[in-house]
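Commentary on secondary and tertiary structure
The residues making up each chain are set out below.
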Amino acid sequence: MAQITDLFITGAGSEPMQSVTEVHAVADRGLRGDRYFNGTGYYSPYDVCQITLIANEAIDEIDREFGLDLTAGEHRRNVVTEGIDVHDLLKHRFRVGDALLEGTRPRPPCAHVEQLNEQEGVARALKDGRGGICADVVESGRIGVGDSISDIEAMDKTASIIERLRSK
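Now for a look at the structure at hand. (Residues numbered from 1 in each chain as written. Predicted model: local features only at pLDDT ≥ 70, side-chain atom pairs only at ≥ 80, totals over all residues. Heavy atoms only, no water.)

A short note on the overall build of the protein
Our working rule: Here a strand is any run of E in DSSP of at least two residues, a helix any run of H or I of at least four, and the numbering for each starts at the N terminus. Contact definition: two residues touch when any of their heavy atoms are within 4.5 Å. Only the protein chains shown count as cover for residues, and all accessible areas are computed by the Shrake-Rupley method using a 1.4 Å probe.
Secondary structure assignment for the protein yields 5 helices and 11 strands. Residue pairs at least 24 apart in sequence account for 76% of intrachain contacts in the protein once pairs closer than 6 positions are excluded. Element-wise, carbon and sulfur atoms account for 47% of the exposed surface of the protein, whose accessible area totals about 8600 Å².

Considering unusual backbone geometry
Excluding glycine, residues mostly carry a negative phi; peptide bonds, for their part, are mostly trans. Quick reminder of the rule: Throughout, exposure labels follow a simple rule: accessible area from a 1.4 Å probe, protein chains only, divided by the maximum for the residue type, with under 20% read as buried, over 50% as exposed, and the rest as partly exposed.
Residues other than glycine seldom take positive phi values, yet serine 14 does so here, at roughly 75°. Within the secondary structure, serine 14 is located in the loop between β1 (3-9) and β2 (18-20). Exposure remark for serine 14: the relative accessible area of 36% places this residue in the partly exposed category. Positive phi, close to 60°, is recorded for lysine 91, a residue that is not glycine. Residue position: lysine 91 is located in the loop between β6 (79-82) and β7 (92-96). Overall, lysine 91 belongs to the exposed group, its relative accessible area being 52%.

Examining the side chain of asparagine 56
With respect to the element layout, asparagine 56 can be found in helix α2 (residues 56-66). Sequence-distant contacts of asparagine 56, that is, excluding residues within four places in its chain, are made with Thr5, Val80, Thr81 and Glu82.

Focus: the state of the cysteines
Throughout this description, disulfide means a covalent bond between two cysteine sulfur atoms. Applicable threshold: The disulfide criterion is simple: two cysteine sulfur atoms within 2.5 Å.
Taken as a whole, this structure holds 1 disulfide when the rule is applied. Through a disulfide, cysteine 49 is tied to cysteine 134; the S-S separation comes to 1.8 Å. Of this pair, cysteine 49 sits in the loop between α1 (35-38) and β5 (51-55) while cysteine 134 is found in strand β9 (residues 133-139), placing the two residues 85 residues apart along the sequence. For the pair shown, cysteine 49 and cysteine 134 are each scored as buried.

Concerning the sheet that holds strand β8 (residues 99-106)
Cut-off, in case you're wondering: Whether two strands pair depends on DSSP finding at least two bridges between them. Every axis corresponds to a line fitted to the C-alpha atoms, with the helix fit spanning only the stretch in contact, and the corresponding angles, defined between N-to-C directions, vary from 0 to 180 degrees.
Ordered by their spatial adjacency, 8 strands build an open sheet running β2-β1-β6-β5-β9-β8-β7-β11, and the pairing between neighbours is mixed. The sheet terminates laterally at β2 and β11 (149-154), the two strands that pair on one side only. With direction set aside, neighbouring strand axes in the sheet form an average angle of 35°. Bridging between β1 and β2 involves 3 bridges; their strand directions are antiparallel. Note that in β2 the partner of phenylalanine 8 across the bridge is serine 19.

What about the pattern of salt bridges?
Applied cut-off: Any carboxyl oxygen of Asp or Glu that lies within 4 Å of a side-chain nitrogen of Lys or Arg is treated as forming a salt bridge with it.
Counted by the stated rule, this structure contains 8 salt bridges. Aspartate 128 is the partner of arginine 130 in a salt bridge, and the nearest nitrogen-oxygen pair spans 3.9 Å. Owing to a relative accessible area of 7%, arginine 130 belongs among the buried residues under this scheme. The shortest N-O distance in the salt bridge between arginine 142 and aspartate 147 comes to 3.3 Å.

Some points on the nonpolar core
Side chains that are nonpolar tend, in soluble globular proteins, to be buried together. Note the threshold: Put simply, a nonpolar core is a bunch of buried Ala, Val, Leu, Ile, Met, Phe, Trp, Tyr and Cys residues held in one set by side-chain atoms that sit within 4.5 Å of each other.
Counting 24 residues, the largest nonpolar core has Ile51, Leu53, Phe94, Leu101, Ile143 and Ile149 as the members making the most contacts within it. Those elements that provide at least two residues to this core are β1, β3 (22-26), β5, β7, β8 and β9. Other than its neighbours up to four places away in sequence, phenylalanine 94 contacts Leu53, Leu89, Ala99, Leu100, Leu101, Glu102, Gly103, Ala135, Ile149, Ser150, Asp151 and Ile152. In this structure, Phe8, Ile59, Leu70 and Ala125 belong to the second largest nonpolar core, which totals 11 residues.

Set out below in structure tokens:
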């Protein structure tokens with residue numbers, strides 16, 4: 001079962017991520033109390049993700065391959081998942097806790113994540129699909145550690161449209 005293992009927010013860009021047990025996702029805004037919700041993120045207003053997700057499996061892989069422990073939020077992502085490849089949520093609507101989200105794009109690492117870490121090589125370790133994804137909040141709701149993740153529907157309906165046209 002796909003679920004949330006950890007949640008992180010921080011009130012302003014460049015400040016350490018804080019572990020929380022639940023957050024409130026607000027439609028078209030992000031996570032209440034987080035830097036990008038507040039408009040104080042390092043990349044605000046130019047490169048904003050309402051919510052970022054990363055797989056716990058990617059964090060474990062980074063620890064094994066690079067010897068880097070990112071479990072305290074050094075990855076700078078909000079939601080840590082387990083049991084699902086977060087890239088499978090791109091261009092999909094999915095429910096996390098009470099909130100409905102839409103996967104929008106991959107979230108590659110940046111030089112800023114490297115600058116904030118005491119561990120060298122974090123940006124390099126987050127490459128190759130391990131950096132997670134961005135998601136928009138479609139419907140507001142509470143998200144908590146232990147909540148399940150349910151894929152609702154693909155947003156790219158091209159394949160189903162083509163199939164219907166061919167069957168006529």
